[in-house]
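A structural walkthrough
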Amino acid sequence: AQTVTQSQPEMSVQEAETVTLSCTYDTSESDYYLFWYKQPPSRQMILVIRQEAYKQQNATENRFSVNFQKAAKSFSLKISDSQLGDAAMYFCAYRRYTGNQFYFGTGTSLTVIP
Amino acid sequence: EAQVTQNPRYLITVTGKKLTVTCSQNMNHEYMSWYRQDPGLGLRQIYYSMNVEVTDKGDVPEGYKVSRKEKRNFPLILESPSPNQTSLYFCASSARGGTSGTIVRYEQYFGPGTRLTVT
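Residues numbered from 1 in each chain as written. Chains lettered and ligands numbered in written order. Predicted model: local features only at pLDDT ≥ 70, side-chain atom pairs only at ≥ 80, totals over all residues. Heavy atoms only, no water.

Brief notes about the overall build of chain B
Threshold: Under the DSSP-based scheme used, a helix requires at least four consecutive residues in state H or I and a strand at least two consecutive residues in state E, with every element numbered from the N terminus. Exposure classes here rest on a 1.4 Å probe applied to the protein chains alone. A residue is buried below 20% of its type maximum, exposed above 50%, and partly exposed in between. In this analysis, two residues are considered to be in contact whenever any of their non-hydrogen atoms come within 4.5 Å of each other. Areas reported here follow the Shrake-Rupley algorithm with a probe of radius 1.4 Å; residue values treat only the protein chains shown as occluding. We treat Lys and Arg as the positive residues and Asp and Glu as the negative residues; His and chain ends play no part in the count. Positions of charges follow a simple convention, taking NZ of Lys, CZ of Arg, CG of Asp or CD of Glu.
In terms of regular secondary structure, chain B is built from zero helices and 11 strands. Reading the secondary structure of chain B in the N-to-C direction produces β-β-β-β-β-β-β-β-β-β-β. By principal-axis analysis of the C-alpha atoms, chain B measures approximately 50 × 30 × 30 Å. In chain B, which comprises 119 residues, the proportion classed as buried is 50%. Within chain B, contacts between residues separated by at least 24 positions form 56% of all contacts whose residues are at least 6 apart in sequence. Total accessible area computed for chain B in this model is approximately 5700 Å², and 51% of it derives from carbon and sulfur atoms. Distance from the positive charge centre (14 side chains) to the negative charge centre (10 side chains) of chain B: 4 Å.

Laid out in C-alpha cells, this is it:
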C-alpha cells in the first residue's frame, strides 16, 4: 500500500508571509494523482490544489502552489501572502491512477499569526 | 448545487446498538468512499465503491459494513458499535479516474462529516 508522510505536525507563519508544507509519499506506480486538502475548524474538507503525476508543470491556484518532485516523491505546498483564513489542518493525499483508493497523510496544523 | 450529504451529523450511541450513517451524492459519481478521522492518524479509508454493487475494503474495514444499491447512496453500517469506533466519519465521492483525453476532476468531494460517540 502507498504511504503518505507529513513530517510537520504543526507550522506557523506570520500574516502576509510565505510558508511551505512538506509531503512525501511512497509508491511504485508511475501514474497517480496528488492533492492538498484544507480542513478548517468547521471540519469540512476543502480541496486546495491537485496535481497529476504525468504533468511536469507544477500546479498553481492563486496563492497556493506546489513543488512536485516526482523522482524524489515529494509534493510540497507553498502558501504565499498568508491570510488569517488559511489557518487550518492541511492534508496531503495520494490517489491511484485507476481505482478508488486514496491515502492521506496525518496532517499539518497551520497557525497564522496576525 | 453539487454536494455530498451525510446524516446524522452527530450521533451518541451505546455499545452494541446497530446504527446506519447515510451518504448521498448528486454528482453522478461512480466512486464513493467512507473514511474515519482520528487525531494524529489523518483520514483512513474504511470501504470504497467503484460502482453499484461493487464495494471493497479499505485500510480499516473491521466492524463496518457498506452497501451500494443505488449510484447516489452509500450507507455505512455499524452492526455492533464499540467505543473504539468513536470517531469523525466522512463520506466522499469522485469521478472515475484513469480517463485520458478528457477533462475530469479526479479529486474527492467530501460530506460534512458525522461525529460518532459510542459509550
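Looking at the overall build of chain A
So the rule is basically this: Here the globule rule is a power law, 2.2 Å times the number of residues to the power 0.38, and the radius of gyration is based on C-alpha atoms.
Regarding its fold elements, chain A presents zero helices and 12 strands. Listing every helix and strand of chain A by position from the N terminus yields β-β-β-β-β-β-β-β-β-β-β-β. Taken over C-alpha atoms, the radius of gyration comes to 14 Å for chain A, in line with the 13 Å a tight globule of 114 residues would show. Projected onto the principal axes, the alpha-carbon positions of chain A cover approximately 40 × 25 × 20 Å. A fraction of 55% describes how many contacts in chain A between residues 6 or more apart in sequence connect residues 24 or more apart. A total of about 5300 Å² of accessible surface is found on chain A, and carbon and sulfur atoms cover 46% of it.

Some details on the interface of chain A and chain B
Applicable threshold: Two parts lose some accessible area (1.4 Å probe) when they are put together, and adding that loss for both gives the buried area. By definition, a salt bridge exists where a carboxyl oxygen of Asp or Glu is found within 4 Å of a side-chain nitrogen of Lys or Arg. In protein, a polar contact requires one atom able to donate a hydrogen and another able to accept it; more generally it is a pair of N or O atoms within 3.5 Å, and residues adjacent in sequence count only if both atoms are side-chain atoms. Side-chain classes are defined by residue name, with Ala, Val, Leu, Ile, Met, Phe, Trp, Tyr, Cys and Pro counting as nonpolar, Asp, Glu, Lys and Arg as charged, and the others, Gly among them, as polar.
At the junction of the two partners, chain A supplies 23 residues and chain B supplies 30 residues. Across the chain A to chain B interface the summed buried area is about 2100 Å²; carbon plus sulfur atoms make up 51%. For chain A, the biggest contributors to the area lost against chain B are Arg95, Asn100 and Phe104 of chain A; these three give 26% of the whole. With a shortest N-O distance of 2.7 Å, Arg50 of chain A and Glu107 of chain B are connected by a salt bridge. At the surface where chain A touches chain B, the tally comes to 10 residue pairs in polar contact (both at pLDDT 80 or more). The greatest single-element share of the side of chain A that touches chain B, amounting to four residues, is contributed by strand S5 (residues 32–39) of chain A. Classifying every residue of the side of chain A that touches chain B by side-chain character gives 11 nonpolar, eight polar and four charged.

Observations regarding the environment of Phe75 of chain A
All names here are of chain A. By the element assignment, Phe75 lies in strand S9 (residues 74–79). Residue classification places Phe75 among the buried residues on the basis of a relative accessible area of 0%. Taking the C-alpha atoms as reference points, Phe75 and Phe35, separated by 40 residues in sequence, lie 8.8 Å from one another. Residues within four places of Phe75 in sequence aside, it is in contact with Cys23, Tyr25, Leu34, Phe35, Trp36, Gln51, Val66, Asn67, Phe68 and Cys92.

Thoughts on unusual backbone geometry
Looking along the chain, the bond that leaves Asn7 of chain B and enters Pro8 of chain B is cis, with omega of 0 degrees. The topology assignment puts Pro8 of chain B in the loop between strand S1 (4–7) and strand S2 (10–13). Phi at Arg43 of chain A takes a positive value of approximately 80 degrees, unusual for a residue other than glycine. You can call Arg43 of chain A partly exposed: its relative accessible area is 37%.

A look at the nonpolar core
All names here are of chain A. What counts, and what does not: To qualify as a nonpolar core, a set must consist of buried Ala, Val, Leu, Ile, Met, Phe, Trp, Tyr and Cys residues joined through side-chain atoms within 4.5 Å.
Among the nonpolar cores identified, the biggest contains 26 residues, and Tyr25, Trp36, Phe75, Leu77 and Tyr90 are the most heavily contacted of them. Counting only elements with at least two residues in this core, the list comes to strand S3 (19–21), S5, strand S6 (46–52), strand S8 (64–69), S9, strand S10 (88–96) and strand S12 (108–113). The dominant element in this core, judged by the number of residues it contributes, is S10, at four residues. Beyond its immediate stretch of four places on either side in the chain, Tyr25 contacts Thr3, Val4, Tyr32, Leu34, Phe68, Gln69, Lys70, Lys73, Ser74, Phe75 and Tyr94.

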